[in-house]
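Next come the chains, spelled out residue by residue.
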Amino acid sequence: MADTLAEVTEEVKQKSRTPSQEVIRHLFKHSSGRAGIIILSILILIAIFAPWIAPYDPIAILRDVDRRDPPCIHILGCPADQPEHIFGIDGNSRDLYSRIIYGSRLSLQVGIITMGFAILIGTIIGAVAGFAGGAIDNILMRLMDVLMAFPSLLLAIAIVSVLGIGLINAMLAIGIVSIPRFARLVRSTVLSVKELEYVQASRALGGSPMHILFQRILPNAITPLIVQGTLGIATAILDAAALSFLGLGAEKPRPEWGLMMGEEKNSIFSAPHLVIFPGLAIMLTVLGFNLLGDGLRDSMDPRLTRSGK
Amino acid sequence: MSQFLGRRLLLLLPVMIGVILITFIIVRLIPGDPCVTMLGERATPAKCEAFLDRYGLNDNIFVQFGRYLLNIGKGDFGTSIKWSRPVVDIIAERLPMTLELTLLAMLFSTVVGILLGVVSALKRNTVIDTITMIIANIGISMPVFWLGLLLAYVFALLLKGTPFVLPPSGRFSAGMALQNLAKFWGMTNVTGFKKFIIDLMSNTVFINCIFTGNWKIFWDSLKHLILPAVAVGTIPMAIIARMTRSSLLEVLGLDYIRTARAKGLIEPKVISKHAMRNALIPIVTIIGIETGELLSGAVLTETVFSLPGMGTAMVGAILARDYPVVQGFVMVIAVIFVLVNLLVDLSYAYLDPRIRLE
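Digging into the overall build of chain A
Part 1 of the argument: Each helix and strand counted, chain A has 14 helices and zero strands in total.
Part 2 of the argument: Each helix and strand of chain A, placed in order from N terminus to C terminus, yields the pattern α-α-α-α-α-α-α-α-α-α-α-α-α-α.
Part 3 of the argument: Judged by the C-alpha coordinates and their principal axes, chain A covers about 80 × 65 × 25 Å.
Part 4 of the argument: Burial statistics for chain A: of 309 residues in total, 45% are counted as buried.

What about the environment of Ala35 of chain A?
Part 1 of the argument: Topologically, Ala35 of chain A is positioned in helix H3 (residues 31-48).
Part 2 of the argument: When the C-alpha atoms of Ala35 of chain A and Leu287 of chain A are compared, they prove to be 9.3 Å apart, with 252 residues separating the residues in sequence.

Some details on the interface of chain A and chain B
Part 1 of the argument: In this assembly, 34 residues from chain A lie in contact with 37 residues from chain B.
Part 2 of the argument: Looking at the side of chain A that touches chain B, the elements that each hand over two or more residues are helix H6 (134-148), helix H7 (152-163), helix H11 (222-245) and helix H13 (273-300) of chain A.
Part 3 of the argument: Here the element with the most residues in the side of chain A that touches chain B is H13 of chain A; it accounts for eight residues.
Part 4 of the argument: Residues that form the side of chain A that touches chain B fall into these classes: 26 nonpolar, five polar and three charged.

Overview of the confidence of the model for chain B
Residue and element names in this part refer to chain B.
Part 1 of the argument: Residues of chain B with pLDDT of at least 70 account for 97%, and the chain-wide mean is 85.
Part 2 of the argument: Mean pLDDT values over the elements of chain B span from 69, in helix H16 (residues 353-357), up to 92, in helix H5 (residues 87-122).
Part 3 of the argument: With a pTM of 0.87, the predicted complex shows an ipTM of 0.86.

Notes on the nonpolar core
Part 1 of the argument: Counting 154 residues, the largest nonpolar core has Leu154, Ala156, Ile157 and Ile237 of chain A together with Met314 of chain B as its most contacted members.
Part 2 of the argument: When sequence neighbours within four positions are dropped, the list of residues in contact with Ile237 of chain A reads Ser107, Val110, Gly111, Ile282, Thr285 and Val286 of chain A.

Considering unusual backbone geometry
Part 1 of the argument: With an omega of 0 degrees, the peptide bond running from Lys252 of chain A to Pro253 of chain A counts as cis.
Part 2 of the argument: On the secondary structure map, Pro253 of chain A appears in the loop between H11 and helix H12 (257-264).
Part 3 of the argument: The phi dihedral of Asn125 of chain B is positive, around 60 degrees, even though this residue is not glycine.
Part 4 of the argument: Within the element layout of this structure, Asn125 of chain B appears in the loop between H5 and helix H6 (127-141).
Part 5 of the argument: With 8 C-beta atoms packed within 10 Å, Asn125 of chain B lands in the exposed category.
Part 6 of the argument: Backbone geometry places Ser306 of chain B, a non-glycine residue, at a positive phi of 45 degrees.

About the thresholds
- Residues numbered from 1 in each chain as written.
- Chains lettered and ligands numbered in written order.
- Predicted model: local features only at pLDDT ≥ 70, side-chain atom pairs only at ≥ 80, totals over all residues.
- Helix = DSSP H or I, 4+ residues; strand = E, 2+ residues; numbered from the N terminus.
- Buried ≥ 20, exposed ≤ 12 C-beta atoms within 10 Å, placed from the backbone.
- Contact = placed C-beta atoms within 7 Å.
- Nonpolar A, V, L, I, M, F, W, Y, C, P; charged D, E, K, R; others polar.
- pLDDT = per-residue confidence, 0-100.
- Core = buried A, V, L, I, M, F, W, Y, C linked by C-beta atoms within 7 Å.

Structure representation (structure tokens):
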């Protein structure tokens, strides 16, 4: 009797969970989702508390050090009379560890802002195309096809060459080349639900087109947009780092990870730490978003979570 | 099949026109006076006028586009401002290097990726599977140029003195260079399209070696390309491995595989003949999409390994505001990308008769 009672309460509890609670619960059960959350939480904390974590100013030139000094860590046998620089000193006599700590702010901002931009514009284009149909749909989607005919990073490079070099322009370029993905996604969602009965019912009840689009149709696109957006942040961070590495993105002396590697790529043989640590930082950040994206995809897909039980 | 091919080619036309339109518009969107952007702040009005006239920038925008189309049709992509040479010549010189790198990277990513994916799927939920998937996850998160630099560090410095040492920069060892085939054949006065083709062939190491028989330079260049190709190919390799695993796992659960096993087929045959053929369709899609990644990766990796390809030239051109070169290169790469995706579509039709007969 007690068993069934426990089962019943469990069932009631389960029913009382909202869909988003359900997703979060699945996400924490999912091994890569959990790993992604842990990595990103640490990263976000580092970004928020950067001024307290970083021992030095990221752009201050230090006086008592040599350029490109290797890492000096006291507990690993570095003489105690030398100042501690756990990632070493960069080519401009700055503390690499502090620069990498501050770099987390830039990379997170770049990823989230560019994807926010791409999702916003992509959703508008996709919604208009799918909802309006006909010639408008045709024109918008052919435009998206053409944008997708370019390898995305190369198109971003071409756009930067027009807009001019700089981090903001690089972000804009990466945002623009990411639009087609979201536009297609939203359009296909709109098309798949536009003719369903509940939408027609809303129309029959006198719902305005705007009301139908935003209240009845677009909520269906949120799940795939969140998944694609999370994976897109990973790509955006990689692409932004690539542009900065080529010297087309972030301006000196910003502590941008890609730029830091680009500045020191020629000292890979003499001072490998200057390349290894920024790259490691990029890799961990991107890995975090990729794992979270995988986890979200699996836990937001009702078919997978149901069968996974 | 020919009807299918015809339809696909027809669909290509609007995309190609779009690509040309975008490359045309991009340069027109540059803020500021084109004269000032191209000639610099100190250009005199007279010089400016001459410049605008020479490039026809004073004409109506539609006239300009018409001329642009016509010129492309004739194979004229304009003249580089930085190098004062026709852009076509620069393409003929730089494109082969980038294509060699891309192809080698594609070979690496496809072979290793499919192999890892198959092993992972067959040994599902074992240590091998877990390790492979961890490698794949890390692989897709690495910046290409970082991996390139690390490989250069390991194989050129740490492994110095071992047989595994590989050169970290350049296309050939010092003192080696490709011979121009026109010269080799004693041809003079080659111009136009013929010159473009012969230049392309001359600068492609493999083709050059077939004609000149100088295989020493082929092995030398191959050795120089191994590290960049591994760097470029790693992200696509990881993605292909993941795709192969999930695609094969899905197919292996189907009834016809059970039937194949039940009728007594040996396992390797079940995998290669029955399962892989169906599993290949999503894998081929991914390979097509990854070509873009490979081309972008090649552009990035060239800067790391100081390879004289399109990437290094393009970065140089952007920094020098040499727009004709940027325009020409972007277009060439887009055309290659579109053609590869056409090939991918055609291979669907080969793999899946339903698509062919649709």
